[in-house]
Amino acid sequence: MRKVINQLINFKTRKYDKKLEEFLIKEIDSQIEKKRKKEKLANKLWEIKTIFLAQNSYLIFIDFLRKKEYYDAWCSLEHCELKINELNRHCSEKTKNKYFFHFIKFQIKRWQAIYPYKLFSSPEFIHKKVTCSICKEIISPRGSCTHIIGDLYSGEICYHKVEDFEIIGFAIVKNPVMKSNVVNPEGENNNFSGLDMVINTLDMPFQYWDINYTKKFIPHEHITSSASGLCPCDSGLSYLMCCQGKKGCLIPHLQIIPYNQDIKNKLDTHLSIELKISDYLYQKKYS
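Rules and cut-offs
Residues numbered from 1 in each chain as written. Predicted model: local features only at pLDDT ≥ 70, side-chain atom pairs only at ≥ 80, totals over all residues. Heavy atoms only, no water. Patch = residues over 30% accessible without salt bridge, like charges linked within 9 Å, V, L, I, M, F, W, Y side chains within 5 Å. Areas by Shrake-Rupley, 256 points an atom, 1.4 Å probe, with all protein chains shown as cover. Salt bridge = Lys/Arg side-chain N within 4 Å of Asp/Glu carboxyl O. Helix = DSSP H or I, 4+ residues; strand = E, 2+ residues; numbered from the N terminus. Buried < 20%, exposed > 50% of the residue type's maximum accessible area, 1.4 Å probe, protein only. Axes fitted to C-alpha atoms, helices over the stretch in contact; angles between N-to-C directions. Parallel < 35°, antiparallel > 145°, perpendicular 65-115°, else oblique. Left-handed = near helix turned anticlockwise from the far one by under 90°. Contact = heavy atoms within 4.5 Å. Nonpolar A, V, L, I, M, F, W, Y, C, P; charged D, E, K, R; others polar. Phe/Tyr/Trp six-rings, centres within 6.5 Å; stacked < 30°, edge-to-face > 60°.

### What to know about a nonpolar patch on the surface
Inference 1: On the surface, a cluster of nonpolar side chains totalling about 480 Å² of accessible area is made up of F125, V162, F165, I167 and F170.
Inference 2: Ranked by the residues each element gives to the nonpolar patch, the list is headed by strand β5 (residues 160-173), at 4 residues.
Inference 3: Note on placement: V162 falls in strand β5.
Inference 4: Given the relative accessible area of 32%, V162 is considered partly exposed.

What follows is the structure in structure tokens.
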């Protein structure tokens, strides 16, 4: 375990090592299996394992960005977000504060915001057979097991495993459950300059940064949208029906802000609210 702890503490200076990860995860899984009957200890081991995987996904994301492999970086960031969401519900504040949980959680949304990906495919399907990951019982409208989806049991998260399904359609959405389902991720119109600017401007990719959302005026001669195309101002209307008759367009503009007092204040407020929510949920669960 000492090797894992060293990896977690040195997050901002270490590089991702796939072989080392496989070795350490195998070692932690072995320890969790041995401690199944000691639920608190098994859950603590799960915390260490999950924050380690979250850190590694973030490191992989940064490596892909540096190589300009934007879609692979996006998928790695989604893996990181999934682990952070699990930790957000079950991880102790001590572990969060010690192993950069709050940094990763804060920056995930910022990175996602400057990606050009806006449309995603969302499959619609009928579940024919669903089982519980913990007890393997079949889940149905008429019957279920005693485990709660998303809860932690002796070092293992409960989820419902879809073993048989039928796809009935697809929808195009803006806020997907599965963020990896990007429509045309390598499209020619995708602008990754914001990502390049951040990764090249920051002193290091492990410092806090934030986004200031503003509007920027663009004259018509610099607008490439057709009359029937969507207006650059993001109103959802066509350019003809929206801004073409005006002097120009006020388009969304993102300003990247390095770490400063404003970000510190936002973080302090965010952490204060999160601690109050955690305390409330804990009291509600165990009172």
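Anyway, onward from the coordinates.
### Examining the environment of N85
Inference 1: On the secondary structure map, N85 appears in helix α4 (residues 70-90).
Inference 2: Between the C-alpha atom of N85 and that of K105, which follows or precedes it by 20 residues, the distance is 8.6 Å.

### Let's talk about the pattern of salt bridges
Inference 1: What the rule picks out here adds up to 11 salt bridges.
Inference 2: In this structure, R36 engages E33 in a salt bridge whose closest nitrogen and oxygen atoms are separated by 3.3 Å.
Inference 3: Measuring nitrogen to oxygen at the nearest pair gives 2.6 Å for the salt bridge that ties R89 to D151. Remark: D151 occurs in the loop between β2 (138-139) and β3 (152-153) and R89 occurs in helix α4; sequence separation between them is 62 residues.

### Quick look at the packing of helix α3 (residues 39-66) against α4
Between two packed helices, both the angle of their axes relative to each other and the distance between the axes serve to describe the pair.
Inference 1: Close contact between α3 and α4 brings their axes to 8 Å; oriented N to C, the two are set at 160°. For the element pair α3 / α4, the angle class is roughly antiparallel. In this structure, the crossing between α3 and α4 has a hand that is left-handed. For the pair formed by α3 and α4, the contact residues are W46, E47, T50, I51, L53, A54, S57, Y58, I60, F61, F64 and L65 on the first element and Y70, D72, A73, S76, L77, H79, C80, K83, I84, E86, L87 and H90 on the second.
Inference 2: For the contact of α3 with α4, the class distribution of residues is 15 nonpolar, 5 polar and 4 charged.

### Concerning the packing of aromatic side chains
Inference 1: Enumeration over the complete set of coordinates arrives at 19 aromatic pairs.
Inference 2: Consider the rings of Y58 and F61, whose centres lie 5.8 Å apart with planes at 55°: the pair is tilted. In this pair, Y58 and F61 are both assigned in helix α3, 3 residues apart and thus about one turn of the helix distant. For the pair formed by Y58 and F61, the shared burial category is buried.
Inference 3: Arranged with centres 5.2 Å apart and planes meeting at 75°, the rings of F103 and Y208 form a pair that is edge-to-face. Here the residue F103 occupies a position in helix α6 (residues 101-113), and Y208 occupies one in the loop between α7 (193-201) and β6 (209-219), the gap between them amounting to 105 residues.

Treat this as a map of the structure, not an account of what it does.
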